[in-house]
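# A structural walkthrough
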Amino acid sequence: MNWISEWALPKIKTLFGAPREVPENLWHKCPACEQMIFHRDLERNLHVCTHCGHHMRVGARTRMDYTLDEGWQRIELPKAPQDPLRFRDQRRYVERLREAQAKAGQEDAVVVAHGSIEGNRVVAAAFEFSFLGGSMGAGVGEALVTAARLAVLQDAPLIVFTASGGARMQEGAISLMQMPRTVIATRMVKEAGLPFIVVLCDPTTGGVTASFAMLGDIQIAEPGAMIGFAGARVIEQTVREKLPEGFQRAEYLLEHGILDLVVKRGEMRATLARLIGLLRTPERVVAPPPAEPVAEPLPALPAPEGPAVPA
Amino acid sequence: MRHFLDFEKPIAELEGKIEELRRTSDAGGIDVAEEVARMRDKAQALLKTTYAKLSPWQKTLVARHPDRPKCLDYIRAHIEEWTPLAGDRAFADDAAVVGGLGRFRGRAVAVLGTEKGSDTESRVLHNFGMARPEGYRKARRIIELASRFGLPILSFVDTAGAFPGIEAEARGQAEAIARSIEACLEAPVPFVATIIGEGGSGGAIALAAADRILMLEHSVYSVISPEGCASILWRDAAQAATAAEALKLTAEDLRRLNLVDAVVPEPMGGAHRDPQASLAAVGDRVWDSLEPLLALDGATLRARRREKFLEMGRNSVV
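Note that the coordinates shown come from a computational prediction; the quantities given were computed from them, not determined experimentally.

Conventions adopted
Residues numbered from 1 in each chain as written. Chains lettered and ligands numbered in written order. Predicted model: local features only at pLDDT ≥ 70, side-chain atom pairs only at ≥ 80, totals over all residues. Heavy atoms only, no water. Pairing = 2+ DSSP bridges. Helix = DSSP H or I, 4+ residues; strand = E, 2+ residues; numbered from the N terminus. Contact = heavy atoms within 4.5 Å. Axes fitted to C-alpha atoms, helices over the stretch in contact; angles between N-to-C directions. Parallel < 35°, antiparallel > 145°, perpendicular 65-115°, else oblique. Left-handed = near helix turned anticlockwise from the far one by under 90°. Nonpolar A, V, L, I, M, F, W, Y, C, P; charged D, E, K, R; others polar. Phe/Tyr/Trp six-rings, centres within 6.5 Å; stacked < 30°, edge-to-face > 60°. Buried < 20%, exposed > 50% of the residue type's maximum accessible area, 1.4 Å probe, protein only. Lys NZ or Arg CZ within 6 Å of the ring centre and 35° of its normal. pLDDT = per-residue confidence, 0-100. Right-handed = clockwise from strand over helix to strand, strands pointing away. Polar contact = N/O pair within 3.5 Å; in protein donor to acceptor, adjacent residues only side chain to side chain. Domains from an automatic or database assignment. Buried area = accessible area lost by both parts, 1.4 Å probe. Salt bridge = Lys/Arg side-chain N within 4 Å of Asp/Glu carboxyl O.

Working definition: the strands of a sheet are paired by backbone hydrogen bonds and lie parallel or antiparallel to each other. Residue and element names in this part refer to chain A. In space, the seven strands of this open sheet follow the order S3-S4-S5-S6-S7-S8-S9, with mixed pairing throughout. The outermost strands of the open sheet, each flanked by one partner alone, are strand S3 (73-74) and strand S9 (261-262). One ladder, built from six bridges, connects strand S6 (residues 158-164) with strand S7 (residues 196-204); its direction is parallel. Residue serine 164 lies in a different strand from S7, and its bridge partner there is threonine 204. The sheet strands contacting helix H5 (residues 138-154) are strand S4 (110-117), strand S5 (120-127) and S6, and the helix crosses S5 at an angle near 175°. Sheet strands in contact with helix H11 (residues 268-280) are S4, S5, S6, S7, strand S8 (218-221) and S9, and its direction is about 175° off that of S8.

See the structure below:
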């Protein structure tokens, strides 16, 4: 729940004229090693630092570009209630929400797409951390339920890339109820005999971690990703101890048996393709045909409807 | 000694005066019955008006009241042949989560809950109701046991939230909560959850993804504590009362949002003033909620529970 400190504050600092170190943003500074990287090199290297290998945060659509074959299609999501509590802190939530929507060009923090990975048909959902810290409210819940239904409908594995500060406080208990809702989404996929793969990206915490994001058939994380339930500050205040080195990082979780794999961004596509192949194609064709690139974009599908609810 | 909340001060003062008056009359043999009765009426009226318009923050304080009946009080009052079960079969037993078998009005059931403890010793023993991964894994084990033997599940939730600790994270707190929610949703048996005090975020929903969800009148159920919310959104924990208001965390709010099924009225002045009445009311309402579910088969229960949660919040407007 630390998207304010993680995201909003730096943004505000930028707005109020923190000295701009780099002209025209041709050079990026790695937040880990502080070395400068030329923007083209950074893009070519999938936003992984060419000096130290630090995996920088990327947006949901960039994530899709990096992972899916060309021609992936974004799915339109059903409308979720906007500001059901009419929540107001120092600002109105509805204003924050509209601002985030305008900035991101999407309704909420999750983008859902269908496409393929090295020719394997998949449905993918990716969190946009810059959208209110990727927090999970009704819109995010709706996106994940829709993605699950679509995966079942298309007989395709569901892959979710997470990046979230946790529940969206401004939706109160409605955001809490997205935990069981998204758990139901994972059940739909699993009951259809389809793989549900979670890729935990930096950072993933709180109610997102404690629901669908820990229920993958395969649990993958990007190197160095911060993953946990409680925030580090809260833990420190509660136990009054210094946190161990590398606490709540992907490698720490791997060591503690919570993850299957830590996979570098550059190897993510190949790893996902291999896993899907192993889970879904028990016998390999002797001479596998070369993976055909998708020539035409896949047809856009409407969001699947849920079952009718008895009155 | 009775514990008074800040906003109960005027009532506490009046009750103190009544007590004093009685003592003086006992010592001096003066008949003050009439005066005591008058003051009693006044105290009652004050209690009534105070509790009729509790703010969300005041309700939070009532929900956390140290004298409020706790999970084990409900179990002692309603569960015969109570047989607590321990352990997650992997690491430890977590006393913050209570679970076991027993009979509720003659019917064998599995019971789960978070226990805060009622004195210093038991509070420490139960870690103030804040569970570690082992607690949620114990809950899941008992849910699965109940599922195998067709036993209805009752849960009594009262927790500030899951325990935020280094070890808890290292042992997979998030995964344990996620699996417990999953187990609740999957159980092919009737499941009635009651929020009896604090319904604190993931640590509460882990035991409350049920067919019927009841909330005591002055209990609260929230995605984050008002203090936590205030320190993040207002950057000032002292704004907790404002945050409590904004979070819509009272039983009345949750009922209106259609996130819980029923609100169980509390005795005048809160459950802590008359625990027996509160225990009895909850027992009756849990039975009323459970009884119609007993006729349904496992597949129907599970399908309906899913529909219920999938619909939650979709059309909620305050």
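Packing of helix H7 (residues 178-191) of chain A against helix H14 (residues 298-311) of chain B brings their axes to within 9 Å, and their N-to-C directions diverge by 130°. It follows from the interaxial angle that H7 of chain A and H14 of chain B lie oblique. Crossing geometry of H7 of chain A relative to H14 of chain B is assigned as left-handed. Contacts between H7 of chain A and H14 of chain B involve Pro180, Arg181, Ile184, Arg187, Met188 and Glu191 of chain A from the first element and Arg306, Phe309 and Leu310 of chain B from the second. Its residues assigned to classes, the contact of H7 of chain A with H14 of chain B shows five nonpolar, no polar and four charged.

What follows deals with the packing of aromatic side chains. For the coordinates displayed, the defined rule picks out seven aromatic pairs over all chains. Where phenylalanine 127 of chain A meets phenylalanine 212 of chain A, the ring centres are 6.1 Å apart and the plane angle is 10°; that geometry is what we call stacked. Of the two residues, phenylalanine 127 of chain A is situated in strand S5 and phenylalanine 212 of chain A in the loop between helix H8 (206-209) and S8; the sequence distance between them amounts to 85 residues. Both residues of the pair, phenylalanine 127 of chain A and phenylalanine 212 of chain A, count as buried. Considering the side-chain rings of phenylalanine 7 of chain B and tyrosine 51 of chain B, the 6.1 Å spacing of their centres and the 55° angle between planes classify their relative orientation as tilted. Taken together, the residues span a long stretch of sequence, with phenylalanine 7 of chain B in the segment before helix H1 (9-28) and tyrosine 51 of chain B in helix H2 (residues 33-52) at a distance of 44 residues. With respect to burial, phenylalanine 7 of chain B and tyrosine 51 of chain B carry one shared label: buried. Residue placement shows arginine 132 of chain B over the ring face of phenylalanine 163 of chain B; its charged tip is 4.5 Å from the ring centre.

Right, let's talk about the confidence of the model for chain B for a bit. Any segment with low pLDDT has predicted coordinates that should not be analysed in fine detail. Of the residues in chain B, 98% reach a pLDDT of 70 or more, and the chain-wide mean stands at 94. Predicted as a complex, the structure gets a pTM of 0.90 and an ipTM equal to 0.95.

Bringing the pairing of S6 of chain A into the picture now. Consecutive side chains of a regular strand alternate in pointing toward one face of the sheet and then the other. Residue and element names in this part refer to chain A. A large share of S6 lies buried, amounting to seven of its seven residues. Here S6 shows no split at all, with Leu158, Val160, Thr162 and Ser164 on one side and Ile159, Phe161 and Ala163 on the other all buried. For S5 and S6, the ladder comprises four bridges, and the chain directions are parallel. Looking at the pairing, alanine 126 lines up with phenylalanine 161 of S6. For the segment spanning S5, H5 and S6, crossover handedness is right-handed.

Right, let's talk about the side chain of threonine 146 of chain A for a bit. In this fold, threonine 146 of chain A is placed in helix H5. Reaching out from threonine 146 of chain A, the side chain makes a polar contact with the backbone oxygen of glutamate 142 of chain A at a distance of 2.7 Å.

Let us look at the domain arrangement of chain A. All names here are of chain A. Annotation of chain A at the domain level lists domain 1 (25-56) and domain 2 (57-280). Using C-alpha coordinates to define each centre, domain 1 is positioned 24 Å away from domain 2. Taken together, the six residues of domain 1 in the interface contact eight residues of domain 2. Around 650 Å² of area is buried between domain 1 and domain 2 when both sides are counted, 58% of it from carbon and sulfur atoms. Considering only the surface of domain 1 that becomes buried against domain 2, Leu46, His55 and Met56 emerge as the three largest contributors, covering 83% of it. Our enumeration of links across domain 1 and domain 2 arrives at zero salt bridges. Summed over the shared surface of domain 1 and domain 2, the result is five residue pairs in polar contact (both at pLDDT 80 or more). Across the side of domain 1 that touches domain 2, the residue classes tally to three nonpolar, two polar and one charged.

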